[in-house]
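Structure assessment
One-letter residues, chain by chain:
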Amino acid sequence: MSNDESLTTTGSGPEERAMESALRPKNLDDFVGQVRVRQQLDLVLQASRIRERTADHVLLSGPPGLGKTTLAMIVAAEMNAPLRISSGPAIQHAGDLAAILSSLSEGEVLFLDEIHRMSRPAEEMLYMAMEDFRVDIIVGKGAGATAIPLELPPFTLVGATTRAGLLPGPLRDRFGFTGHLEFYSTQELELVLRRSAMLMDLAVNSAGFSEIAGRSRGTPRIANRLLRRVRDWALVNGLEQIDARAASAALDMYEVDARGLDRLDRSVLHALCTKFGGGPVGLSTLAIAVGEETETVESVAEPFLVREGLLGRTPRGRIATAAAWDHLGLRMPADAVFAGQLPEDIESPAEAE
Ligand SMILES: Nc1ncnc2c1ncn2[C@@H]1O[C@H](COP(=O)(O)OP(=O)(O)O)[C@@H](O)[C@H]1O
Ligand SMILES: [Mg+2]
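Just so you know, these numbers come straight off a predicted model, no measurement behind them.

Turning our attention to the overall build of the protein. Along its length, the protein carries 15 helices and 9 strands. Dimensions of the protein, computed from the C-alpha atoms along their principal axes, are close to 70 × 50 × 35 Å. Here the protein, with 353 residues, has 37% of them falling under the buried criterion. A sequence separation of at least 24 residues applies to 70% of the contacts in the protein between residues at least 6 apart.

Next up, the structure:
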């Protein structure tokens, strides 16, 4: 199973993207949760409609799978405007960006995904485009090069980033509105699942929804993915209605446990507890113990484990918390280094995100 297809990773593969677009809410009212961001965005859009102007530029930040792309599409739909989609990694030269910008029509919404990965020169061109709706096209090379100014029609930029901290200040400042998406509560994920089940014509009862929601890591993308696996399981087992037992049997089979941990997460925790007495142990040693790349353990497993309060990062290495021992059904030895209270120098889950 590649990372792309793993049940609990937050990125999406090509097959999944097709499915996702079918489940995407098309307007703000159908967008579940994120009440604050939704209200604020609604205000921005309504005001621009009243003023008959294009909406202010919008920056959406937050972890993968929480609805950034969905919101970008909603902005265009709510403004009744065409949508152009590109991404930071696709814009390596200022010329790539100039080509996109110069072909925009008036009022168009330009969605730049992973905007923090745009090249420096393109970024600088974007500053001017966002502020003055103008770009300088450089013609020729060296001493003979000249800048030809080009007027752009007013447009709305919607930028999305998983790493708002990596955006240079001047770029961040040029957005009129920044919405930060948070992980969803279990109740909100149940609503996401209800909506998806309806669209997929699936019969699931309340307990079934809450079982799936509880394993979804606060992430709609994962919730929808788990729902599809549960659907498969129910289909093969000839079940008419999906209840909590069916959902949990299905997801157990896919090795997603009651708290949303997958095989990798559990093997990291298990090694930490059983091979290193709960730590502290260095990241690379831990990675070797579970037969994974350091990078995989650090970027795939750890963020969620830290967020769940199961694993701590300290200057001396990784530690398992009491909750980790408990979750694995293991007894924490009395001499575990961090028995009881977490030490002061532990990184809080918020900082680790
Ligand atoms: N608030 C929401 N309500 C309903 N479905 C959502 C919501 N947020 C995300 N989804 C669903 O989750 C999937 C991933 O959302 P997406 O916008 O692609 O996330 P991101 O761009 O932040 O990675 C989509 O299929 C979408 O339908
Ligand atoms: Mg996206």
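The next thing to look at is the domain arrangement of the protein. According to the domain assignment, the protein consists of domain 1 (34–180), domain 2 (187–253) and domain 3 (263–352). Distance between the C-alpha centres of domain 1 and domain 2: 36 Å.

The next thing to look at is the nonpolar core. Residues Leu-60, Ala-72, Val-75, Leu-97, Leu-110, Met-125 and Val-158 are the most contacted members of the largest nonpolar core, which totals 38 residues. Every element with two or more residues in this core is listed here: α2 (35–51), β1 (58–61), α3 (68–78), α4 (94–102), β3 (109–113), α5 (120–132) and β6 (156–161). By residue number, the principal contributor to this core is α3, which donates 6 residues. Apart from residues lying up to four places away in sequence, Val-75 is in contact with Leu-45, Ala-55, Val-58, Val-109, Thr-156 and Val-158. Of all hydrophobic cores here, the second largest spans 22 residues; its members include Val-204, Phe-209, Val-230 and Ala-246.

The UniProt record marks Thr-69 with the feature "binding site: Mg(2+)" (unreviewed entry), using the residue numbering of this structure. Secondary-structure assignment places Thr-69 in helix α3. Once you skip the residues sitting within four places of it in the chain, Thr-69 turns out to touch Asp-113 and Ala-160.

This part takes up the packing of helix α7 (residues 186–199) against helix α9 (residues 220–236). Orientation of α7 relative to α9, taken along the N-to-C sense of each, is 45°, at an axis distance of 10 Å. When the axis of α7 is compared with that of α9, the two are oblique. The crossing of α7 and α9 is right-handed. Each of Leu-189, Val-192, Leu-193, Ser-196 and Ala-197 in α7 lies in contact with α9, whose residues at this interface are Pro-220, Ala-223, Asn-224 and Leu-227. A breakdown of the residues in the contact of α7 with α9 according to their chemical character gives 7 nonpolar, 2 polar and no charged.

Read from one edge of the open sheet, 5 strands run β2-β3-β6-β1-β7, paired in parallel fashion. Two strands bound the open sheet, and with one partner strand each, they are β2 (83–87) and β7 (177–180). The average undirected angle you get between the axes of adjacent strands in this sheet is 15°. On top of the sheet, α3 reaches β1, β2, β3 and β6; it is set at about 170° to β6, its chief contact.

Let us now look at helix α11 (residues 263–274). Taking 1.5 Å per residue as the helical rise, α11 with its 12 residues ought to reach 16 Å, and the 16 Å between its terminal C-alpha atoms agrees with that figure. Here α11 has its buried residues at Leu-264, Asp-265, Arg-266, Val-268, Leu-269, Ala-271, Leu-272 and Cys-273. Check the buried side of α11 and you find it contacts α12 (283–289), α13 (294–307), β8 (311–314), β9 (317–320) and α14 (322–328).

Helical periodicity: at 3.6 residues per turn, an α-helix aligns residues three or four positions apart in one direction. Across its 13 residues, α5 extends 19 Å between first and last C-alpha, which sits within 8% of the 18 Å expected from 1.5 Å per residue. Those residues of α5 that fall on the buried side of the exposure criterion are Met-125, Leu-126, Ala-129 and Met-130. Down the axis of α5, the sector holding all buried residues measures 135°, keeping them to one side. Exposed positions of α5 whose direction lies more than 90 degrees from the buried face are Arg-120, Glu-131 and Asp-132. Looking at the buried positions of α5, the neighbouring elements they touch are α4, β4 (134–139) and β6. Positive phi appears at Phe-133, one or two residues downstream of α5, with a value of about 50°.

The rules behind these values
- Residues numbered from 1 in each chain as written.
- Chains lettered and ligands numbered in written order.
- Predicted model: local features only at pLDDT ≥ 70, side-chain atom pairs only at ≥ 80, totals over all residues.
- Helix = DSSP H or I, 4+ residues; strand = E, 2+ residues; numbered from the N terminus.
- Buried ≥ 20, exposed ≤ 12 C-beta atoms within 10 Å, placed from the backbone.
- Contact = placed C-beta atoms within 7 Å.
- Domains from an automatic or database assignment.
- Core = buried A, V, L, I, M, F, W, Y, C linked by C-beta atoms within 7 Å.
- UniProt positions renumbered as here; feature names shortened; annotations may be inferred.
- Axes fitted to C-alpha atoms, helices over the stretch in contact; angles between N-to-C directions.
- Parallel < 35°, antiparallel > 145°, perpendicular 65-115°, else oblique.
- Left-handed = near helix turned anticlockwise from the far one by under 90°.
- Nonpolar A, V, L, I, M, F, W, Y, C, P; charged D, E, K, R; others polar.
- Pairing = 2+ DSSP bridges.
- Expected span 1.5 Å × (residues − 1).
- Arc of directions from axis to C-beta.

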